[in-house]
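Listed below are the residues making up each chain.
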Amino acid sequence: MSDSLSTKFEELIGLNYQLYNGLFLTLPLDAVEKTGLLLPLLDAACQQGLKDGKSPDVIIEEFFDLHKPHFTPKDKNNFLFKIIQYVERQVVLVDALEDAAYRKMHQVDKLKILQTVVDNVESENLGDKFSEILKNFGIRVTLTAHPTQFYPGPVLAIINDLTRAIARHDNFEVRNLLQQLGNTPFSRKTKPSPYDEAVLLSWYLGNIFYPVMGQIIDKFAGRHESAVLENQKLMTIGFWPGGDRDGNPFVNIDTTRRVAAKLRYSIASCYHRDVRELKRRLTFKGTYDILDDIEKQLHDEMSESNPVYTLDAEALIARLDEIETILLEHNQGLYIDKLRSFRRKVTLFGFYFASLDIRQDSRVITRAFNAVIEENPSLFAGLDDLSETEQVERLLSISGTVDTPSINDEVLLDTVGSFSLIDDIQSLNGEQGCHRYIISNCHGPIDMARVYAFFQLCGWQDKTLSVDIVPLFESINDLDNAGEYMRSIYTNPIYRQHLVNRGNRQTIMLGFSDGTKDGGYLMANWAIYKAKENLTAVSRAAGIEVIFFDGRGGPTARGGGNAYLFYAALGKKIESNEIQMTVQGQTISSNYGVKPAAQHNLSLLLAAGLENNLYDRSEREINKDQSSLVESLATTSLKKYESLKQHELFLPYLEEMSTLNYYNMTNIGSRPAKRGNSSELKFEDLRAIPFVGAWAQLKQNVPGYYGLGTALAEQENAGQLDNCIQLYKDSGFFRALIDNGMQNLAKTNFHLTRYMGEDERYGDFWKMIHAEHELTNEMILKVADQDFLLQENPRARLSIELRERIVLPLLVTQQFALMKINELRSIDENDPQIEDFEKMVVRSLYGNINASRNSA
């Protein structure tokens, strides 16, 4: 299998890259000394130079001395900017090649895991059980606007067209598209607004998710029609752009309203297109008139200036039922499959398309609540004198209305206003249009009680609260205590009644990104696993079905990795009636950017969850001895990671030697790189994305492995390494951890920053990180019994190798610019040359992040 995949990768991607890249480098894209022809020479100089132990500044200067000795400093900078632009576009070429080869490289047609599950149901006579599971099971993929990919809309469109041209071997069109790509800007002059981000992601909704989810549901419906129609949550989409306020002051009530309206407009557009297609076939007496009326209603609500909303999902389905009756009674059921397929989509997407989540940080909610208390003291008299448990009881039973005339902080006003806003959105798009309030950095019942109280005080007191209050546990401490937090609030009769109204279901979000930032790679993953087991036990004991919503990032260092293997590894001690996860940035484009990829990955999620509910999962459980081993490994790993975090040079190293401070200059996302307005960098305010991203740009990837090598080496020294090896063989959870760790290690390149080992201030710090990297590499290979990283995953290995090779000149250029900045600042903080080198660093971020696309 490994050899055949390696051969297939070389045939479909490696050789085609050489072919099309050769064409690309000769295109007339610039007038700067034929940059494209010099790029291979710079690439060779970078590879050999790093191998010889040269620093990036020496490599770059020697290159100019050899090939362009007449260049002025300005010429050199212009050339390096052109190099960055070329590399960015080489990465796009690889993206398109991998997209075009997706079906073959992922063996989509051969594996068909979801189809295998369905076939096994038939052969094992599990049809009735399967139908019951289909009535209650669901997956939700939530699209976020987190800035982990840098492609603007026009570039995404070119990638899409380029993928199709490559797939049909249209070399003439490929050449034209490569030339178009070479002249299309990648960078933004201004930051996108949250609404811009929503519009960009809505492309995936209409062009990918709408048709693909419809096709998947149609396949189920053939044998399990009634079960599919009963379950409106079998496949759903969540949406964060325009609703996620956490750390983003640019999201406000007006933005959220506009995004909600945009989502309704987008689904109405899809329906309008499908109804027009149906009209071409259902031309019979009675059917055509109904469809014509529906088309007009959809057209009326798609008016940009004055939309008229007369339809809802229930009414539309009723009209479609009328048509079905006519077809069966008078037209021999002609084209009824097309009608039913459309009706299933209406059942799936309603008039909301994707559920807009509202999210805010618990600290901001607390500040807003305290501001409301100051404005309305009589409502909260004596609250501060109560214990936290008593405050929770008081807040859950509070009623009344509040005034906010003196609050002038826009973020706090928006926070207060967001609670009544949800009611407005539900009135327009239906309850599923916006039905969750997520509390970031949730520290227990008191934060949940504040949110519940806010709803009661902001217009919901006289109606049943049709909103799920979702705690997001992120820190290691909160993950450890999550079970007790929920046990406590479950005992409150008012909150318990709220859960009864919500179907006795409680959604809980777990943060992989911030968990990794807080506790390191191994402990974060283990703490989340333990929290899930504990929360499942507590919830089951209370008669509550817990739904886990996983905040999975793009790279494996932030919870990414193979989603199917992750969910298929869960034992029966972890509730698995629904699979919910975030997808973002490069994960969206790599896993859901083209229809074959989206169909494959959505099917894998369905297969993992359905298997979990169909079969006994006891063999997947981590037993007591295995649990003790992982606990020991995680504890040691955490201790090692904490020692790094607490090192006095930890934050200064990131600020001075990495690209951390440049993320905000990229204009790729609307959200700031850190929470709060303080000029001083505090670890707790640092966003997980720029934190992990800064280490990735350094090619050191610390959050993705640090501490793991020390933990495994401790077991080896104690004579217990064989137990770790056996655990790798027996436990899907531990195997996924190790395999994802391999991906993180495969993307490191300490040759790039070897010069830092000689730095007067940071030399020992760099050597400490490098030593853990080397140890982890050695230990991981021993545990997995592999000769080199990703030996058993050639598809990922070869993709990483190709991408890392492409971006090497870009990385060397980035380090060169950082070295120049530090050198110039040491002489004169206001040297005008600094600005040019800072722009060079910012531009270099784009290609390197995009090149990490396979990390999803």
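For the structure, check the block above.
This is a predicted model, so every value here is computed, not measured. (Residues numbered from 1 in each chain as written. Predicted model: local features only at pLDDT ≥ 70, side-chain atom pairs only at ≥ 80, totals over all residues. Heavy atoms only, no water.)

A word on the overall build of the protein
Each helix and strand in the protein was counted, giving 35 helices and nine strands. Against the 2.2 N^0.38 benchmark of 29 Å for 856 residues, the protein shows a C-alpha radius of gyration of 28 Å, consistent with a compact globule. By principal-axis analysis of the C-alpha atoms, the protein measures approximately 80 × 70 × 60 Å. Looking at the protein residue by residue over its 856 residues, the buried ones come to 61%. Here the analysis covers contacts within the protein between residues at least 6 apart in sequence; of these, 81% occur between residues at least 24 apart. As displayed, the protein offers around 33200 Å² of accessible surface, 47% of which is attributable to carbon and sulfur atoms. Where the 91 positive side-chain charges of the protein centre and where its 116 negative ones centre are 5 Å apart. (Helix = DSSP H or I, 4+ residues; strand = E, 2+ residues; numbered from the N terminus. Rg over C-alpha atoms; globule rule 2.2 N^0.38 Å. Buried < 20%, exposed > 50% of the residue type's maximum accessible area, 1.4 Å probe, protein only. Contact = heavy atoms within 4.5 Å. Areas by Shrake-Rupley, 256 points an atom, 1.4 Å probe, with all protein chains shown as cover. Lys, Arg positive; Asp, Glu negative; His and termini not counted. Charge placed at Lys NZ, Arg CZ, Asp CG, Glu CD.)

Some remarks on the packing of aromatic side chains
Counted by the stated rule, this structure contains 35 aromatic pairs. An aromatic cluster is defined as three or more aromatic residues linked by ring pairs; in this entry it consists of F369, F380, F419, Y437, F454, F455 and W460. Of note, K463 hangs over the ring of W460, and the distance from its end group to the ring centre comes to 5.5 Å. (Phe/Tyr/Trp six-rings, centres within 6.5 Å; stacked < 30°, edge-to-face > 60°. Lys NZ or Arg CZ within 6 Å of the ring centre and 35° of its normal.)

A word on helix α9 (residues 153-167)
Here α9 is 15 residues long and its end C-alpha atoms lie 21 Å apart, about the 21 Å a rise of 1.5 Å per residue gives. Three or more residues of α9 are buried, namely V155, L156, I158, I159, N160, L162, T163, A165 and I166. A positive phi of about 60 degrees marks H169, the residue just after α9. (Expected span 1.5 Å × (residues − 1).)

Some remarks on the packing of helix α2 (residues 35-51) against helix α4 (residues 73-100)
A pair of packed helices is captured by two measures, namely the crossing angle of their axes and the spacing between those axes. In the contact formed by α2 and α4, the axes pass within 10 Å of each other and the chain directions differ by 85 degrees. Of the possible angle classes, the one that applies to α2 and α4 is roughly perpendicular. Here T35, G36, L38, L39 and L42 of α2 lie close against α4, whose contacting residues are F79, K82, I83, Y86, V87 and Q90. A breakdown of the residues in the contact of α2 with α4 according to their chemical character gives seven nonpolar, three polar and one charged. (Axes fitted to C-alpha atoms, helices over the stretch in contact; angles between N-to-C directions. Parallel < 35°, antiparallel > 145°, perpendicular 65-115°, else oblique. Nonpolar A, V, L, I, M, F, W, Y, C, P; charged D, E, K, R; others polar.)

As for the pattern of salt bridges
Applying the stated criterion across every chain, the model contains 49 salt bridges. Between R502 and E431 there is a salt bridge, with its nearest N and O atoms 3.0 Å apart. Here E431 lies in the loop between α18 (410-429) and β5 (436-440) and R502 lies in the loop between α21 (493-501) and β7 (505-511), a separation of 71 residues in the sequence. Here R505 ties to E545 by a salt bridge, and the two come within 3.3 Å at their closest N and O atoms. Of this pair, R505 sits in strand β7 while E545 sits in strand β8 (residues 545-551), and the two are 40 residues apart along the sequence. Each of R276, K279, D292, E295 and K296 takes part in a single network of salt bridges with overlapping partners. (Salt bridge = Lys/Arg side-chain N within 4 Å of Asp/Glu carboxyl O.)

Comments concerning the sheet that holds strand β3 (residues 355-356)
The nine strands are arranged β3-β2-β1-β9-β8-β7-β6-β5-β4 in an open sheet whose pairing can be described as parallel. Among the strands making up the open sheet, the edge pair consists of β3 and β4 (358-361). Examined bridge by bridge, β5 and strand β6 (residues 468-473) share four bridges and lie parallel to one another. The partner of Y437 across the bridge, within β6, is I469. (Pairing = 2+ DSSP bridges.)

Some thoughts on the side chain of K345
Residue position: K345 is located in helix α15 (residues 336-349). Taking relative accessible area as the criterion, K345 reaches 12% and is therefore assigned buried. If we skip the residues at most four places from it in the chain, K345 touches Y210, G214, Y271, D274 and G350.

Focus: the environment of L334
With respect to the helices and strands, L334 occurs in the loop between α14 (313-330) and α15. In sequence terms L334 and L282 are 52 residues apart; their C-alpha atoms lie 8.2 Å from each other. Not counting residues up to four positions away in its chain, the partners in contact with L334 are L282, F284 and L327.

Comments concerning the side chain of S539
Relative to the assigned elements, S539 resides in helix α23 (residues 521-541). Among all residues touching S539, those that are not within four sequence positions of it are Y490, I544 and V546.

Some words on the pairing of β5
The element β5 is largely enclosed, with a buried count of five among its five residues. With four bridges connecting them, β4 and β5 associate as parallel partners. Residue pairing across strands places Q360 opposite I439, the latter belonging to β5.

Remarks on unusual backbone geometry
Even without glycine at this site, Q332 takes up a positive phi of about 55 degrees. Take Q332: it is sitting in the loop between α14 and α15. For Y335, which is not a glycine, the phi torsion comes out positive at approximately 60 degrees. Residue classification places Y335 among the partly exposed residues on the basis of a relative accessible area of 33%.

Overview of the pairing of strand β2 (residues 235-239)
Of all five residues making up β2, five are buried, and the element is well covered by its neighbours. Judged by which residues are buried, β2 turns out to be covered on both faces: M235, I237 and F239 on one side and T236 and G238 on the other are all buried. Here strand β1 (residues 138-143) runs beside β2; their pairing, made up of five bridges, is parallel. Paired with L143 across the bridge in β2 is F239.

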